[in-house]
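Structure at a glance
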Amino acid sequence: MSADIVPDLSVELNGVTLKNPVIAASGTYGFGEELLPFHHPSVLGGFSTKGITLYPRQGNRGIRLHETRAGMMNSIGLQNPGAEVFVRDIAPRIRGLTGCLIANVGGSDIDDYVQAVAMIAAADVDMIELNISCPNVKCGGMAFGMRAEDAASVVRAVRPVCPKPLMVKLSPNAHDLVAVALACQEAGADSLSLVNTFNALAIDVHARKAVFDNVTAGLSGPAILPIALRMTRDVARAVRVPVIGMGGIETGEDAAAFIMAGATAVQVGTAGLVRPDALPRIVEELAAFMAREGIANLGQIRGIV
Amino acid sequence: MTTDLHVVIRNQHVAPGILRLTVDGGAAQPVQPGQFHMLKTEAPEPLLPRPLSIHDVEGDLLSFLYEVKGAGTRAIAELVPGHRIRVTGPLGRGFDVQDLRGRILLVAGGIGIAPFRYLARALVAAGRDRLTLAAGFRGLPYGIEDFAGVVDDIRIATEDGSAGIQGRVPVLYRPQDFDVVVACGPVPMMRAVQQGCREAGTRAIVSMEARMACGIGACLGCTTQTTTGMRRVCADGPVFPADEVIFDER
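Residues numbered from 1 in each chain as written. Chains lettered and ligands numbered in written order. Predicted model: local features only at pLDDT ≥ 70, side-chain atom pairs only at ≥ 80, totals over all residues. Heavy atoms only, no water.

1. Thoughts on the overall build of chain B
Each helix and strand counted, chain B has three helices and 16 strands in total. In summary, chain B has a C-alpha radius of gyration of 17 Å against a globular reference of 18 Å for 250 residues, a match within 12%. Counting only C-alpha atoms, chain B reaches 50 × 40 × 35 Å along its principal axes. Every one of the 250 residues in chain B was classed for burial, and the buried ones make up 56%. Contacts spanning at least 24 positions in sequence make up 60% of the contacts within chain B whose residues lie at least 6 apart. Within the structure as shown, chain B displays about 10400 Å² of accessible surface, and the carbon and sulfur contribution to it stands at 50%. For chain B, the separation between the mean place of its 26 positive charges and that of its 27 negative charges on side chains is 3 Å. (Helix = DSSP H or I, 4+ residues; strand = E, 2+ residues; numbered from the N terminus. Rg over C-alpha atoms; globule rule 2.2 N^0.38 Å. Buried < 20%, exposed > 50% of the residue type's maximum accessible area, 1.4 Å probe, protein only. Contact = heavy atoms within 4.5 Å. Areas by Shrake-Rupley, 256 points an atom, 1.4 Å probe, with all protein chains shown as cover. Lys, Arg positive; Asp, Glu negative; His and termini not counted. Charge placed at Lys NZ, Arg CZ, Asp CG, Glu CD.)

Here it is as structure tokens:
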């Protein structure tokens, strides 16, 4: 193997060229500006914004975070300024931060999703990531990601109003994840990202009650990596559209594992909360891994497992 | 704002369960009193860094006064000189020293005393000479010696009567005697300060504590209710005008 190979990390995702496959996951990267003191978002393949809903949301009250072994649980509840503010104020401001600006869109019912996607897809963003997998909102959210027919109905509804590539973010809590993935593909999804957080429970035994007001919350972090990796492989083998894998990625080699499982690109969330330079480091580590292993481009390892 | 490994210079108990950690500041950068840093040991667990307010900045050294409360602070307490720890910061909006004038009261509840040494030193450096510290503790006080020669008027309350006046911190002062009250401590104490100052017409400022994940405003995990909606303790605070904070009733 050549020691002086300069690996090509770029990937094509629905006609958009990402300089590398590492995308910041929604909800962990704000609107990109928060990270500027530590790194410029342009060093990443792209980033997905905090989930945006049609109208502003205050998010959940009470405890929103809980650390677990090798992970964390969150119940933020889609706090966001709403589609109008995003389109008018935020999108123009952050447009220049990245070559792939992905607007993550949430909703409570199909009309919400359609109106929000129509507004946001008309802004200068590169892709829409449709969140049908948020476990922390009372109605909508993950409810659409649990069953294939519900997922298909929302994807089918937003497809005509979305002229941009449409990524659908899947829930690992789905009854049959591969069936949901296939249904989204048939309904018009251009790519699929997975996994969102695992619905999970923490109990404060001293208080004898659930830690979170909503009782359950979403688990992320290194604890979920092996399950997310298996799910990524399951879905990638079943669908034709690109898959963006995520779940507990902390290192360049973790990212390589998701590519080997069939992912076109990866998203990284929790690791970036743990340290603000985590994502650029993952890019560097992936490049170093590829150079060491003589991998010229990611196509050589994609889906090989 | 940087994220780097810093060398532990000292990490010593100042009272049972209370330690002062001093790290090499490395590339020293200006730190505003009331700002905080996220600290994480090099071990994989616990996963998340912990927010600790800046206790003092001396030359190239940063120090943090902290209480061992859970897995994160326990891991930090185990560090010995020469160990390294990841320090990210300085973060958040601290105290506006220029804005604090006249008769200034610092109200501390327990480990809430941590940010006040650096604040008091900054206030003295800015020429403020009417400083009072009112500090309340459950048991024996700690951290008070840090104020010798900085604050002349030091008032102590302990719930068990082991030092100073027996009772809680509000027994130590009348808000109307001050132009501004700055508070840091448990929520019931902050709520009492807010209410007392509101009734007396005295301006009050609070420094909030919260569970955090990122510490930089990205995850929205540490928000608090305010009169202008949910705001991030890490990035919009931790220092807020007391009247803007809506303290949780629980």
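2. A short note on the packing of helix H4 (residues 177-186) of chain A against helix H5 (residues 225-238) of chain A
Residues and elements named next belong to chain A. Between H4 and H5, the least distance of the axes is 9 Å, while the angle of their chain directions is 40°. With respect to H5, the element H4 is oriented oblique. Judged by the twist between their axes, the crossing of H4 over H5 is right-handed. Residues Leu177, Val178, Ala181 and Leu182 of H4 touch H5, and the partners they reach there are Met231, Asp234, Val235 and Ala238. (Axes fitted to C-alpha atoms, helices over the stretch in contact; angles between N-to-C directions. Parallel < 35°, antiparallel > 145°, perpendicular 65-115°, else oblique. Left-handed = near helix turned anticlockwise from the far one by under 90°.)

3. Details of the interface of chain A and chain B
Facing 34 residues of chain A, the contacting portion of chain B comprises 30 residues. Summing the contributions of chain A and of chain B, the shared interface buries around 2600 Å²; its carbon and sulfur component is 59%. If you sort the residues of chain A by the area they bury against chain B, Leu65, Glu67 and Val274 of chain A come out on top, with a joint share of 23%. Run the count over chain A and chain B and you get two salt bridges. With a shortest N-O distance of 3.7 Å, Arg232 of chain B and Glu34 of chain A are connected by a salt bridge. Taken together, the connections running from chain A to chain B amount to 11 residue pairs in polar contact (both at pLDDT 80 or more). Of all the elements in the fold, those that place two or more residues in the side of chain A that touches chain B are strand S5 (65-68), strand S6 (71-74) and helix H7 (270-274) of chain A. With four residues, the top contributor of residues to the side of chain A that touches chain B is S5 of chain A. Grouping the amino acids of the side of chain A that touches chain B by side-chain chemistry returns 13 nonpolar, 11 polar and 10 charged. (Buried area = accessible area lost by both parts, 1.4 Å probe. Salt bridge = Lys/Arg side-chain N within 4 Å of Asp/Glu carboxyl O. Polar contact = N/O pair within 3.5 Å; in protein donor to acceptor, adjacent residues only side chain to side chain. Nonpolar A, V, L, I, M, F, W, Y, C, P; charged D, E, K, R; others polar.)

4. A word on the packing of aromatic side chains
Tallied over the entire structure, the rule returns five aromatic pairs over all chains. Here the aromatic rings of Phe31 of chain A and Phe86 of chain A are separated by 5.9 Å at their centres, their planes lie at 35°, and the arrangement is tilted. Taken together, the positions of Phe31 of chain A in the loop between strand S3 (22-24) and strand S4 (46-48) and Phe86 of chain A in helix H1 (residues 83-94) put the pair 55 residues apart, joining distant regions of the chain. Phe86 of chain A shares its class with Phe31 of chain A; the two are buried. Considering the side-chain rings of Phe95 of chain B and Phe116 of chain B, the 6.3 Å spacing of their centres and the 40° angle between planes classify their relative orientation as tilted. Here Phe95 of chain B is found in the loop between strand S7 (84-91) and strand S8 (104-109), whereas its partner Phe116 of chain B is found in helix H2 (residues 116-125), with 21 residues between them in sequence. Accessibility expressed as a relative area gives 1% for Phe95 of chain B, which makes it buried. (Phe/Tyr/Trp six-rings, centres within 6.5 Å; stacked < 30°, edge-to-face > 60°.)

5. Some words on the domain arrangement of chain B
Quite often, the size of an interface is put as the accessible area lost when its parts meet. Residues and elements named next belong to chain B. By the assigned domains, chain B splits into domain 1 (2-91) and domain 2 (97-244). Every contact between the two is made by 24 residues of domain 1 and, on the other side, 23 residues of domain 2. For the pair domain 1 and domain 2, the summed buried area comes to about 1900 Å², and 61% of that belongs to carbon and sulfur atoms. Where domain 1 packs against domain 2, one counts five salt bridges. Counting every contact that joins domain 1 to domain 2 gives eight residue pairs in polar contact (both at pLDDT 80 or more). Secondary-structure elements contributing two or more residues to the side of domain 1 that touches domain 2 are strand S1 (2-15), strand S2 (18-24), strand S3 (36-41), strand S4 (50-53), strand S5 (56-58) and strand S6 (61-67). In the side of domain 1 that touches domain 2, the residues fall into 15 nonpolar, four polar and five charged. (Domains from an automatic or database assignment.)

6. A closer look at the pairing of strand S9 (residues 131-137) of chain B
Residues and elements named next belong to chain B. Summarising burial for S9: seven of the seven residues are buried, a large majority. Pairing of S8 with S9 involves six bridges; the strand directions are parallel. Paired with Val107 across the bridge in S9 is Ala134. Following the backbone out of S8, through H2 and into the adjacent parallel S9, one traces a crossover that is right-handed. Pairing analysis gives six bridges linking S9 to strand S10 (residues 153-158), with the strands arranged parallel. Bridge assignment links Leu133 to a residue of S10, and that residue is Ile154. (Pairing = 2+ DSSP bridges. Right-handed = clockwise from strand over helix to strand, strands pointing away.)

7. Quick word on the sheet that holds strand S15 (residues 243-246) of chain A
Around the barrel, eight strands lie side by side as S3-S4-S7-S8-S9-S10-S15-S16 (chain A); this closed barrel has parallel pairing. Pairs of neighbouring strands in the sheet enclose a mean axial angle of 25°, with direction left out of account.

8. So, empty space enclosed by the protein
Residue and element names in this part refer to chain A. The full count for this structure, using the stated rule, is three cavities of 30 Å³ or more. Reported here for the largest cavity is a volume of approximately 490 Å³. At the level of elements, S6, strand S16 (265-268) and H7 are the ones that each hand at least two residues to the lining of the largest cavity. Counting residues per element, the lining of the largest cavity draws most heavily on H7, which supplies three residues. Looking at the lining of the largest cavity, its residues break down into 16 nonpolar, 18 polar and three charged. Taken as a whole, the second largest cavity holds about 50 Å³ of empty space. (1 Å grid on protein atoms, 1.4 Å probe; cavity = no way out; pocket = protein on both sides within 12 Å on 5 of 7 lines; lining within 4 Å. Points joined across faces, edges and corners; volume = space filled by probe spheres on them.)

9. A closer look at the sheet that holds strand S14 (residues 216-220) of chain A
Residue and element names in this part refer to chain A. Taken in spatial order, the four strands line up as S5-S6-S14-S11 in an open sheet, and their pairing is antiparallel. Looking at strand neighbours, the two that pair on one side only are S5 and strand S11 (198-201), the edges of this open sheet. Neighbour to neighbour, the strand axes of the sheet diverge by 40° on average, direction disregarded. Here S5 runs beside S6; their pairing, made up of four bridges, is antiparallel. Residue pairing for S6: His66 is matched across the bridge by Met73.

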